[in-house]
4 protein chains.
Amino acid sequence: MSPASRYTYLGPEGTFTEAALRTLPEAATRELVPMVSVPAALDAVRNGEAAAALVPIENSVEGGVTATLDELASGRPLMIYREVLLPIAFALLVRPGTSIESVKTVTGHPVAQPQVRQWMAKHLPDALWESAASNADGARLVQEGRYDAAFAGEFAAATYGLDPLVTDIHDADNAATRFVLVGRPARPAAATGADKTSVVFWLRDDHPGALLEVLQEFASRGVNMMRIESRPTGEGIGRYCFSVDCEGHLQQRRVGDVLMGLKRACEKVRYLGSYPRADGGRATERPGTTDTEFVEAADWLTRCLDGRG
Amino acid sequence: MSPASRYTYLGPEGTFTEAALRTLPEAATRELVPMVSVPAALDAVRNGEAAAALVPIENSVEGGVTATLDELASGRPLMIYREVLLPIAFALLVRPGTSIESVKTVTGHPVAQPQVRQWMAKHLPDALWESAASNADGARLVQEGRYDAAFAGEFAAATYGLDPLVTDIHDADNAATRFVLVGRPARPAAATGADKTSVVFWLRDDHPGALLEVLQEFASRGVNMMRIESRPTGEGIGRYCFSVDCEGHLQQRRVGDVLMGLKRACEKVRYLGSYPRADGGRATERPGTTDTEFVEAADWLTRCLDGRG
Amino acid sequence: MSPASRYTYLGPEGTFTEAALRTLPEAATRELVPMVSVPAALDAVRNGEAAAALVPIENSVEGGVTATLDELASGRPLMIYREVLLPIAFALLVRPGTSIESVKTVTGHPVAQPQVRQWMAKHLPDALWESAASNADGARLVQEGRYDAAFAGEFAAATYGLDPLVTDIHDADNAATRFVLVGRPARPAAATGADKTSVVFWLRDDHPGALLEVLQEFASRGVNMMRIESRPTGEGIGRYCFSVDCEGHLQQRRVGDVLMGLKRACEKVRYLGSYPRADGGRATERPGTTDTEFVEAADWLTRCLDGRG
Amino acid sequence: MSPASRYTYLGPEGTFTEAALRTLPEAATRELVPMVSVPAALDAVRNGEAAAALVPIENSVEGGVTATLDELASGRPLMIYREVLLPIAFALLVRPGTSIESVKTVTGHPVAQPQVRQWMAKHLPDALWESAASNADGARLVQEGRYDAAFAGEFAAATYGLDPLVTDIHDADNAATRFVLVGRPARPAAATGADKTSVVFWLRDDHPGALLEVLQEFASRGVNMMRIESRPTGEGIGRYCFSVDCEGHLQQRRVGDVLMGLKRACEKVRYLGSYPRADGGRATERPGTTDTEFVEAADWLTRCLDGRG
């Protein structure tokens, strides 16, 4: 297939990221290529070897989240076009015939461990945990006989000839992982009415209240922040950039006004895209923040400048 | 003369307002008409009977200040085109031959009293004060023999055949009265680099923090407020509008942006004009608030919308 | 009577201030003494010649409001113990036998004029207005035959042998004047649950956002401001102090916390008292601002300092 | 040795965490026990099996940072008593005799990769990267001959019989990892004048501006935030807690006041300790925020309550 029909993702095969990618209808007609790391998956897009990449961005059970944030914030610009939410639910994969009583060693991705810790304390109190390079890799190690069981997605069982001994394991209710489909920059898709906008910004300095002033840009236009994460910039302890998702689409006036405010107030801003919300939620509009009111205010300003205010 | 060359002012003749008006070079070629009240002076402008009116707006020694604020906030719109600062300095006017020892009764405008109170306590501790309708009217009452002395502007002495027994009387150093030249709405004069913008706004509701949110519109663009006064709207105790002067000219992007913000956030906004500062002071520009940065941010937004961010 | 049973008020007799004073039950057993000005009324209290003074503080129809604000902000400290609300309603007082058609000249206090302006335009379009020193003084001038009618309180008619030709005149619905009963500083009366606290503060400097920071002290504790007025400090144009009423009583933790915040943030603060609200309204308590929550937070801090957080 | 003299740390031996721990003078007299994970290191402290644990908390080159944040935010309370800063500098470890030209495969901890990516692109453009479970584990795999080279601390070379072929490798200048020494809750050490306070809080709800209001608690007392990170609470996408370091010590009034403010404003707050800053930096004190001014404000409030304001 041509690069235009190729999607990369954080591999290996059999991981939650692949499962998330397959929830996209278009995935059926694309060549899906697992990559060894988030940077590798995204560089393939940057280099034109793939049209898009699916990578985890929030609360991952397989790592890569900070790598995703850092890759989107640096290097050649990329944009987010879609998000996918996948409920967190592990299966305990074993070789056929293994009983839970005989499970003495367990493996899985390091970031999976905190997600199943309470379940293990209750059901496998004496089992020894050792980390694997990925959830899928853990399954492979069970197949090879090096561990008795692996936490992985139920969908990985078949690939490695294993059985899902227990399914739907997760310590926290409602836990989910969020993935994003990333491509090269282009005009964002039209607003659907239930959209989300992502942006990363670097504060101009770190005087007390610098972050506060920037967050004020969102609050003053009634634009709700849905996620905020700080990331070290690599320029030393205490130097951060902030990755933010907010409600709304860049084509909405209040969102555009927030972004212009960030552009003026910050050392640097990178727009990461506007795309449909996976949860379908719609923002409530605070009085004074509708497109109509923005247009009316601009018209009024023009009249004032003309002496017809 | 035609109405186009007529200026009204808060009379009567011989008041500080007239003195302030005569500091304007153009006053020499205008017909100057004293009016009985601020509303009367402004209504003459509204009705086309005069081109402009000079009225006190701040720290007046002759009253009329709240009347000015209320008139500018209601009725047919007017605009401020010029401001005049006049240092406060009273003269003690007496009939020729009167010595300070023989001054037993003193008059003047009620709002003059607090401005000369300490001086009186020291130099005329036993004299009785009674209010007159205006400082000039007080001078007339002295001329008629009803009082021994009047506080008024030194310039009023000649008009009423009086002598300035003591001059330059003022309890507070640096005290001044501010007057504004008001006309019918038109395109504001071009920015001079040292300008001031006046606006009045009505809060949408009175939840805790409503005023705070509106003031944030100024602060977030680094636009310094130079004056803020609350005025009852006449709709009952606890209902206010706010009259604000801020640094800068409507033609500056940050000032225009503040006004659009007020327009969206407030129940109502009335733009009262942008005009040169009498003190010639220039605003310091906070990083991120120059016209250049506003234009760059708008350009960047356009590029983001086009997928070229 | 002794000074302890004497109340002064802004005179002369027959004004709205006297009417407001007489609404207080205790007034029946006090000697009520009219004074020529707000400073005079308050100085009698400062000097121990009277126990308290009633003066207008908001939306006055007889002036004295700015004098009250300025007097409370400067000179020897005073405190507010009570407030009185009086609906604004003028009567048109005439000599017996006068018909409305024969009224050609009208008088009253200058600040009364804007309150009856629309009524006059409709019912006395051709009558000439001239200002009097007070509403009561206007009535006296009608009695003497110098004017045909005076706007004053209906209660002033009998004093001057006049008839109330029209009553309940007021341009704005719901308009009222607010008066305060002022005494020497003492422990404020216990909280009633529907209280108001008054304070005046001077900003430390005038950097952009200085006022904003101070107002934040109120907003961050959910304490609603009911009135804010700026007053020139007399140290030159552009130098202000702010007079604020807020909901609640100093004995409430959130109000005390706001005042401590003002004390730290401002150049100067003057506490003007906590007293029952004339409208009986109770403040809504925002989560996190009750006395219980303040005490719990202080207890928690103590535990943290002890290593038992 | 007894648990009281035992310190755990995020192992295995030969990692940067061990190197950081050994910078503490007291480490020389303690039993240092490597643990397989941050939770394991901290649980040993919780269970009384160790006196303290050293774990990475910021910008780690070995992972564990989010685990540290999450462990400090949940489970049985712990407190931070010390911080250690370690500059990031990798060595390329090889078997003796290996030249850089012969390095075809490289390993290391996954989070090390982004830290050396640019260096690899320049000096080892064709080498293949594969992740190891830890930097030390990577060294072991080189020792076993499975890879040609490993990125790890130079100090790990001897342990695994390897040579540091290149040292001081780091893409970003000034990059460092921050570690914290964590113990069971106790009274924090006395303020040194150059201290830092850590806290984690959960917002009461997610209305627009909720985070802003909480950050205002810091800004309004002039307390500078040095780090802010959001962490999912595990209750679903979009639910966060915030981990914050700020300047100052809990024994300083302004810091205590901020924490009481957080306690009232937030759903939940956990105090994580006050401890000396590794960088020795001292906070600048904004006017109005010194201990003296806090005490004076409290005294003034007491006087106001007593009628002696």
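Parameters at a glance
Residues numbered from 1 in each chain as written. Chains lettered and ligands numbered in written order. Predicted model: local features only at pLDDT ≥ 70, side-chain atom pairs only at ≥ 80, totals over all residues. Helix = DSSP H or I, 4+ residues; strand = E, 2+ residues; numbered from the N terminus. Buried ≥ 20, exposed ≤ 12 C-beta atoms within 10 Å, placed from the backbone. Contact = placed C-beta atoms within 7 Å. Nonpolar A, V, L, I, M, F, W, Y, C, P; charged D, E, K, R; others polar. Axes fitted to C-alpha atoms, helices over the stretch in contact; angles between N-to-C directions. Left-handed = near helix turned anticlockwise from the far one by under 90°. Pairing = 2+ DSSP bridges. Least-squares fit on C-alpha atoms with pLDDT ≥ 70 in both. Core = buried A, V, L, I, M, F, W, Y, C linked by C-beta atoms within 7 Å. Domains from an automatic or database assignment. Parallel < 35°, antiparallel > 145°, perpendicular 65-115°, else oblique. pLDDT = per-residue confidence, 0-100.

**A few points about the overall build of chain A**
Here is step 1: When helices and strands are tallied, chain A shows 9 helices and 14 strands.
Here is step 2: Each of the three principal axes of chain A carries a C-alpha extent, and together these read 85 × 45 × 35 Å.
Here is step 3: For chain A, the residues scored as buried account for 55% of the 309 residues in total.
Here is step 4: Of the contacts formed within chain A by residues at least 6 apart in sequence, a portion of 75% connects residues at least 24 apart.

**Observations regarding the environment of Phe218 of chain B**
Residues and elements named next belong to chain B.
Here is step 1: By secondary structure assignment, the location of Phe218 is in helix H7 (residues 210–219).
Here is step 2: Under the C-beta neighbour-count criterion, Phe218 is labelled buried, with 26 such atoms within 10 Å.
Here is step 3: For the pair Phe218 and Cys246, spaced 28 residues apart in sequence, the C-alpha separation works out to 8.4 Å.
Here is step 4: Beyond its immediate chain neighbours, meaning those up to four positions away, Phe218 contacts Val223, Met225, Cys246 and Val258.

**Details of the interface of chain A and chain D**
Here is step 1: In this assembly, 38 residues from chain A lie in contact with 38 residues from chain D.
Here is step 2: Elements with a contribution of two residues or more to the side of chain A that touches chain D: helix H3 (65–73), helix H4 (113–123), strand E10 (176–183), helix H7 (210–220) and strand E12 (225–232) of chain A.
Here is step 3: In terms of residues, the side of chain A that touches chain D owes the most to one element, E12 of chain A, which gives 6 residues.
Here is step 4: By residue class, the composition of the side of chain A that touches chain D is 19 nonpolar, 14 polar and 5 charged.

**Comments concerning the arrangement of the chains**
Here is step 1: There is a gap between chain A and chain C: no contact, and a shortest C-alpha distance of 12 Å.
Here is step 2: Taking C-alpha atoms only, the smallest gap left between chain B and chain D, which are not in contact, amounts to 11 Å.

**A short note on the packing of helix H2 (residues 38–46) of chain C against helix H3 (residues 65–73) of chain C**
Residues and elements named next belong to chain C.
Here is step 1: Look at H2 against H3: their axes get within 9 Å of each other, and the N-to-C directions meet at 35°. In this structure, H2 meets H3 at a crossing whose hand is right-handed. Seen from H2, the contacting residues are Val38, Pro39 and Leu42; seen from H3, they are Ala67, Thr68 and Glu71.
Here is step 2: Of the residues that constitute the contact of H2 with H3, the class distribution is 4 nonpolar, 1 polar and 1 charged.

**Notes on the environment of Met226 of chain B**
All names here are of chain B.
Here is step 1: Position of Met226 relative to the elements: it lies in strand E12 (residues 225–232).
Here is step 2: The class of Met226 is buried, set by 21 C-beta atoms lying within 10 Å.
Here is step 3: Sequence spacing of Met226 and Ser198 is 28 residues, and the spatial spacing of their C-alpha atoms is 9.6 Å.

**Let's talk about the sheet that holds strand E10 (residues 176–183) of chain D**
Residue and element names in this part refer to chain D.
Here is step 1: Taking strand neighbours across the sheet as the criterion, the 5 strands line up as E2-E1-E3-E10-E4 in an open arrangement whose pairing is mixed. If you trace the sheet from one side to the other, it starts and ends with strand E2 (31–35) and strand E4 (79–87), each paired once. Each strand of the sheet is rotated relative to its neighbour by a mean of 30°, with strand direction disregarded.
Here is step 2: In this structure, strand E1 (residues 6–10) lies alongside E2, joined through 5 bridges in parallel fashion. Bridge pairing links Leu10 to Met35 in E2.
Here is step 3: Along the sheet face, helix H2 (residues 38–46) touches E1, E2, strand E3 (52–58) and E10 and points at about 145° away from the line of E3.

**So, unusual backbone geometry**
Trans is the common state for peptide bonds, and a negative phi is the common state for residues other than glycine.
Here is step 1: The peptide bond linking Gly11 of chain B to Pro12 of chain B adopts the cis configuration, its omega dihedral lying at 0°.
Here is step 2: Of note in this structure, Asp168 of chain B is not a glycine but carries a positive phi near 60°.

**Some points on the sheet that holds strand E5 (residues 90–94) of chain A**
Residue and element names in this part refer to chain A.
Here is step 1: The sheet built from 5 strands is open, its strands ordered E7-E6-E8-E5-E9 with mixed pairing. A single partner strand is all that each edge strand has here, and the edge strands are strand E7 (128–131) and strand E9 (163–169). With direction set aside, neighbouring strand axes in the sheet form an average angle of 25°.
Here is step 2: Direction of pairing for strand E6 (residues 105–108) relative to strand E8 (residues 149–152): parallel, over a ladder of 2 bridges. Counterpart to Val106 in the pairing with E8 is Ala149.

**Some details on the relation of the copies chain D and chain C**
For these two chain copies, the linking operation is a rotation about an axis paired with a shift along it.
Here is step 1: After a rotation of 180° and a shift along the axis of 0.0 Å, chain D superposes on chain C with an RMSD of 0.0 Å. Taken together, these values place the two copies in the relation of a two-fold axis.

**Looking at the relation of the copies chain A and chain D**
Here is step 1: Superposing chain A onto chain D requires a rotation of 180° together with a translation of 0.1 Å along the rotation axis, leaving an RMSD of 0.0 Å.
Here is step 2: Same-surface contact between copies: 100% of interface residues of chain A are shared with the interface of chain D.

**A short note on the nonpolar core**
Here is step 1: In terms of nonpolar packing, the biggest core is built from 128 residues, with Ala53, Val55 and Val182 of chain B together with Ala53, Val55 and Val182 of chain C touching the most fellow members.
Here is step 2: When sequence neighbours within four positions are dropped, the list of residues in contact with Ala53 of chain B reads Tyr7, Thr8, Tyr9, Ala41, Leu42, Ala44, Val45 and Val182 of chain B.
Here is step 3: In this structure, Val55, Ala73 and Ala265 of chain A together with Ala297 of chain B belong to the second largest nonpolar core, which totals 126 residues.

**A look at the domain arrangement of chain A**
Residue and element names in this part refer to chain A.
Here is step 1: One can read the domain layout of chain A as domain 1 (1–88 + 174–186), domain 2 (90–169) and domain 3 (188–309).
Here is step 2: Put simply, the middle of domain 1 and the middle of domain 3, counted by C-alpha atoms, are 25 Å apart.
Here is step 3: Contacts between the two partners involve 14 residues from domain 1, matched on the other side by 14 residues from domain 3.
Here is step 4: Breaking the side of domain 1 that touches domain 3 down by element, the ones donating at least two residues are H3 and strand E4 (79–87).
Here is step 5: It is E4 that contributes the most residues to the side of domain 1 that touches domain 3, 7 residues altogether.
Here is step 6: Of the residues assigned to the side of domain 1 that touches domain 3, the class counts are 9 nonpolar, 1 polar and 4 charged.

**Here's the deal with the interface of chain D and chain C**
Here is step 1: Residue-level contacts link 32 residues of chain D with 32 residues of chain C.
Here is step 2: If you list the elements that add at least two residues to the side of chain D that touches chain C, you get helix H7 (210–220), helix H8 (253–265) and helix H9 (291–305) of chain D.
Here is step 3: Element by element, the count of residues in the side of chain D that touches chain C is highest for H9 of chain D, at 8 residues.
Here is step 4: The residue inventory of the side of chain D that touches chain C, partitioned by class, reads 16 nonpolar, 8 polar and 8 charged.

**Points about helix H5 (residues 135–143) of chain C**
For an α-helix, the turn length of 3.6 residues means that residues three or four places apart are oriented alike.
Residues and elements named next belong to chain C.
Here is step 1: Burial of H5 is extensive: 7 of the 9 residues sit out of reach of the surface.
Here is step 2: By the burial criterion, the buried members of H5 are Asn135, Ala136, Asp137, Gly138, Ala139, Arg140 and Val142.
Here is step 3: Packing partners of the buried residues in H5 comprise helix H1 (16–21), strand E5 (90–94), strand E6 (105–108), strand E8 (149–152) and helix H6 (156–159).
Here is step 4: Gly145 sits one or two residues past H5 and shows a positive phi near 85°.

**Observations regarding the packing of H7 of chain B against helix H8 (residues 253–265) of chain B**
All names here are of chain B.
Here is step 1: Between H7 and H8, the least distance of the axes is 8 Å, while the angle of their chain directions is 165°. It follows that H7 is roughly antiparallel to H8 by the angle criterion. Considering only the axes of H7 and H8, their crossing is right-handed. The residues of H8 that touch H7, namely those facing Glu213, Val214, Glu217 and Phe218, are Val258, Gly261, Leu262 and Ala265.
Here is step 2: Residue classes in the contact of H7 with H8 are distributed as 5 nonpolar, 1 polar and 2 charged.

**Brief notes about H2 of chain D**
Residues and elements named next belong to chain D.
Here is step 1: Among all positions of H2, only Val38, Pro39, Ala41, Leu42, Ala44 and Val45 are buried.
Here is step 2: Lining the buried residues of H2 we find E1, E2, E3, helix H3 (65–73) and E10.
Here is step 3: Just beyond H2, the residue with positive phi is Gly48, at close to 80°.

**Points about the confidence of the model for chain A**
Here is step 1: Residues with a pLDDT of 70 or more make up 95% of chain A, whose mean pLDDT is 90.
Here is step 2: The complex model carries a pTM of 0.84, and its ipTM stands at 0.88.

**A closer look at the environment of Ser74 of chain C**
Residues and elements named next belong to chain C.
Here is step 1: Tracing the backbone shows Ser74 in the loop between H3 and strand E4 (79–87).
Here is step 2: Note on Ser74: 15 C-beta atoms within 10 Å, which makes it partly exposed.
Here is step 3: Placed 196 residues apart in sequence, Ser74 and Arg270 show a C-alpha to C-alpha distance of 9.2 Å.

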